[in-house]
Amino acid sequence: EPEPHIRLAQQSLQNNDLSAAAAEIRTAVELMKLEARYLTPAGQKDSVVQWEALNELAVELEKRSVIEPHRPSAAFAAAHAALAKAHELRASQSWAAHEYTTTAYELQAGAIHLERGAAWVDHGAEESCAQDARSVQVLTRRLMDGDEAISAAVNKSIESIEQKIGELTQEITLVAKS
């Protein structure tokens, strides 16, 4: 799970321990790579871009380069948004293939990464994403129980995650430009 390492990196940044922050960022990237290895090539594409950005941030921290205060948070949020998108794509594919257990897992993973990404840049969006994550949990339980009568809810959930990823990406762009 990459999030604890991202949190430790942020804590190290606050303590001005740039080497420790860089090490935690690299650990988080490696864990994200492990998580994404089962994703679609399209889903992995955005993730690779974000891993490279995080690794670049780690290098700059080790060199003690001056970085903007918002950059780590935006990078952490973007990495989670990329993983959320990758899981959303996999959920769509597995739903179309009638792989309900995989769909349930991917929906839940997408919602979790969406919530975590929002927490890094927009605390107002975080609550909305947390509500979505709770809804997805209820939905995925029903789906894993074999309740095929919830197809409209699954479609709506996939669309909702996709929409919120777009909103989060816009928010990250605004934060990165500030």
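Just above, that's the structure.
Cut-offs used in this document
Residues numbered from 1 in each chain as written. Predicted model: local features only at pLDDT ≥ 70, side-chain atom pairs only at ≥ 80, totals over all residues. Heavy atoms only, no water. Helix = DSSP H or I, 4+ residues; strand = E, 2+ residues; numbered from the N terminus. Buried < 20%, exposed > 50% of the residue type's maximum accessible area, 1.4 Å probe, protein only. Contact = heavy atoms within 4.5 Å. Phe/Tyr/Trp six-rings, centres within 6.5 Å; stacked < 30°, edge-to-face > 60°. Lys NZ or Arg CZ within 6 Å of the ring centre and 35° of its normal.

Asker: I tried to follow the environment of Tyr38 on my own but got confused; where do I start?
Answerer: Looking at the secondary structure, you find Tyr38 in the loop between helix H2 (18–36) and helix H3 (41–62). The class of Tyr38 is exposed, set by a relative accessible area of 56%. Once you skip the residues sitting within four places of it in the chain, Tyr38 turns out to touch Gln44 and Arg90.

Asker: Teacher, can you tell me more about the packing of aromatic side chains here?
Answerer: Geometrically, a pair of aromatic rings is defined through the distance of the ring centres and the angle of the planes. The tally for this structure, following the rule as stated, stands at two aromatic pairs. On the basis of an interplanar angle of 65° and a centroid distance of 5.0 Å, the ring pair of Phe76 and Trp120 is categorised as edge-to-face. Note that Phe76 is positioned in helix H4 (residues 71–96) and Trp120 in helix H5 (residues 100–121), a separation of 44 residues in sequence. Overall, the relative accessible area of 1% leaves Phe76 in the buried class. The ring of Trp120 is capped by Arg7, whose NZ or CZ atom sits 4.6 Å from the centre of that ring.

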